[in-house]
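Chain and residue survey
Chain residues, written in single-letter form:
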Amino acid sequence: EQSHISAVNALFNPRSFTQTVENVFHFSFLVKEGAASIHARGTDVAAKFDAEPGPVLCKANAPSPETGANKQNTQAVIRLNMRDWRDMVNAYKVEESHIPHRENGKVAGKKSKKKRKSADMS
């Protein structure tokens, strides 16, 4: 439980609704492949670990002998509009996403490598 992180703080980008949707979409593939899961952390467990209740991301465990490799992963379709996104960002006081903000397809704040000058420049 201590290794679980808040799904809202991890996936929600307070600067971009679009990037939040992309983050959730990409995370859904980890769930589909069985590499990760999302659970609800109740108030009793949250108090025990001095954490906030709500949705948490978890690394999936290897199949146990009881469940075997036949365990089915389940997914759900969620609806997220801009109002809900804004309300969640405010309710969870998300100031920065665990996934860096991207500008023009690149992580913001990171310097891009200089392009080499072509030897064939006229």
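Predicted, not measured: the structure shown is a model, and the values here were computed from it.

The rules behind these values
- Residues numbered from 1 in each chain as written.
- Predicted model: local features only at pLDDT ≥ 70, side-chain atom pairs only at ≥ 80, totals over all residues.
- Heavy atoms only, no water.
- Helix = DSSP H or I, 4+ residues; strand = E, 2+ residues; numbered from the N terminus.
- Expected span 1.5 Å × (residues − 1).
- Buried < 20%, exposed > 50% of the residue type's maximum accessible area, 1.4 Å probe, protein only.
- Arc of directions from axis to C-beta.
- Contact = heavy atoms within 4.5 Å.
- Polar contact = N/O pair within 3.5 Å; in protein donor to acceptor, adjacent residues only side chain to side chain.
- Core = buried A, V, L, I, M, F, W, Y, C linked by side-chain atoms within 4.5 Å.
- pLDDT = per-residue confidence, 0-100.
- Phe/Tyr/Trp six-rings, centres within 6.5 Å; stacked < 30°, edge-to-face > 60°.
- Pairing = 2+ DSSP bridges.
- Axes fitted to C-alpha atoms, helices over the stretch in contact; angles between N-to-C directions.

Compared with the 22 Å implied by 1.5 Å per residue over 16 residues, the 23 Å span of helix 2 (residues 17-32) between its first and last C-alpha is a close match. All of the buried residues in helix 2 are Phe17, Gln19, Thr20, Asn23, Phe27 and Val31. One side of helix 2 holds all its buried residues, which, seen down the axis, span an arc of 155°. What points out from helix 2, more than 90 degrees from its buried face, is the exposed set Thr18, His26 and Lys32. Where the residues of helix 2 are buried, they touch helix 1 (7-11), strand 2 (36-41), strand 3 (54-59), helix 4 (82-91) and strand 4 (102-103). Capping the start of helix 2, serine 16 holds a side-chain oxygen 3.5 Å from the backbone nitrogen of threonine 18, two or three residues further along. Positive phi appears at glycine 34, one or two residues downstream of helix 2, with a value of about 80°.

All right, on to the nonpolar core then. Nonpolar side chains in soluble globular proteins tend to end up buried together. Of all hydrophobic cores here, the largest spans 14 residues; its most connected members are Leu11, Phe12, Phe27 and Leu57. Elements that contribute at least two residues to this core include exactly helix 1, helix 2 and helix 4. Contacts of phenylalanine 12, omitting those with residues within four sequence positions, involve Ala7, Thr20, Leu80, Trp85, Met88, Val89, Val94 and Ser97.

Attention shifts here to the confidence of the model for the protein chain. Across the protein chain, pLDDT averages 79, with 74% of residues at or above 70. Across the protein chain, element-level confidence peaks in helix 4 with a mean pLDDT of 96 and bottoms out in strand 5 (residues 106-107) with 73. This stretch, residues 118-122, has a pLDDT under 50; its non-local contacts, to residues over four places away or in other chains, come to 0 contacts.

Another point: the packing of aromatic side chains. Following the criterion strictly, the structure yields 2 aromatic pairs and no others. With a centroid separation of 5.8 Å and an interplanar angle of 70°, the aromatic rings of phenylalanine 17 and tryptophan 85 are classed as edge-to-face. One end of the pair, phenylalanine 17, is in helix 2; the other, tryptophan 85, is in helix 4, and 68 residues separate them in sequence. Tryptophan 85 sits in the buried class, given a relative accessible area of 8%. With a centroid separation of 5.0 Å and 85° between ring planes, the pair formed by phenylalanine 25 and phenylalanine 29 is classed as edge-to-face. Residue phenylalanine 25 and its partner phenylalanine 29 are both found in helix 2; the two are separated by 4 residues, about one turn of the helix.

The next thing to look at is the sheet that holds strand 2. The 3 strands lie next to each other as 1-3-2, forming an open sheet whose pairing is antiparallel. Across the chains shown, the open sheet's two edge strands, defined by having one partner strand only, are strand 1 (5-6) and strand 2. Of the pairings in the sheet, the one linking strand 2 to strand 3 comprises 6 bridges and is antiparallel in character. Each bridged residue has a counterpart across the sheet, and for alanine 36 the counterpart in strand 3 is lysine 59. Docked against the sheet, helix 2 engages strand 2 and strand 3, running at close to 105° with respect to strand 2.

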